[in-house]
Amino acid sequence: TLTAGVMGASTFGPVVPGDLLTVTYHDPMPLNGISMVLPIFERGVITTSPSPWVEIGAEIVTVTVVDADMNRDPLVVEVMDQDSKLVWMQLNRIDNLTITDLVDREFVEVVETGADTGVFTGAFTTSNSQAASF
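So, here is what we can say about the structure in this document. (Residues numbered from 1 in each chain as written. Predicted model: local features only at pLDDT ≥ 70, side-chain atom pairs only at ≥ 80, totals over all residues. Heavy atoms only, no water.)

**Side note on the overall build of the protein chain**
Phase 1: Scanning the protein chain for helices and strands turns up zero helices and eleven strands.
Phase 2: Overall, the protein chain shows an N-to-C arrangement of helices and strands of β-β-β-β-β-β-β-β-β-β-β.
Phase 3: Each of the 134 residues in the protein chain was classed as buried or not, and the buried ones make up 16%.
Phase 4: Of the contacts formed within the protein chain by residues at least 6 apart in sequence, a portion of 43% connects residues at least 24 apart.
Phase 5: Of the roughly 10400 Å² that the protein chain leaves accessible, carbon and sulfur atoms contribute 58%. (Helix = DSSP H or I, 4+ residues; strand = E, 2+ residues; numbered from the N terminus. Buried < 20%, exposed > 50% of the residue type's maximum accessible area, 1.4 Å probe, protein only. Contact = heavy atoms within 4.5 Å. Areas by Shrake-Rupley, 256 points an atom, 1.4 Å probe, with all protein chains shown as cover.)

Pasting the structure below:
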């Protein structure tokens, strides 16, 4: 359905994340057509809890990603695992209010909260031990 909008802009839909929108122009001179395919997406959002401060080893940090595009199969609870390298945490040192060194980066697994939700969560704790692993 195409709905007229302001200044020539129109609304076309309904569209959902993952659809492909093909725009075609048929050029009468020369006789050919030009097409462009545009993927439909929705920008993801990430939140953490607690925020903004985390006490070493005392709090579980929960990461929530809301991204309908990653909900590829409405019948399955999906996983963005560490191998997908889509969600990560990074530890930096700060000296005089300036980020100085990258200490560590680890990829985080997040799991969809239910089939067809597009909401993914994961959790981790912090440690001051060199032997800590994620």
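**Let's talk about the sheet that holds strand β7 (residues 79-80)**
Phase 1: Read from one edge of the open sheet, five strands run β5-β6-β11-β10-β7, paired in antiparallel fashion. Because the sheet does not close on itself, it has two edges, and the strands there are β5 (45-49) and β7.
Phase 2: With seven bridges connecting them, strand β6 (residues 60-66) and strand β11 (residues 119-125) associate as antiparallel partners. Note on β11: the bridge partner recorded for V61 is F124. (Pairing = 2+ DSSP bridges.)

Geometric values such as these leave the question of function open.
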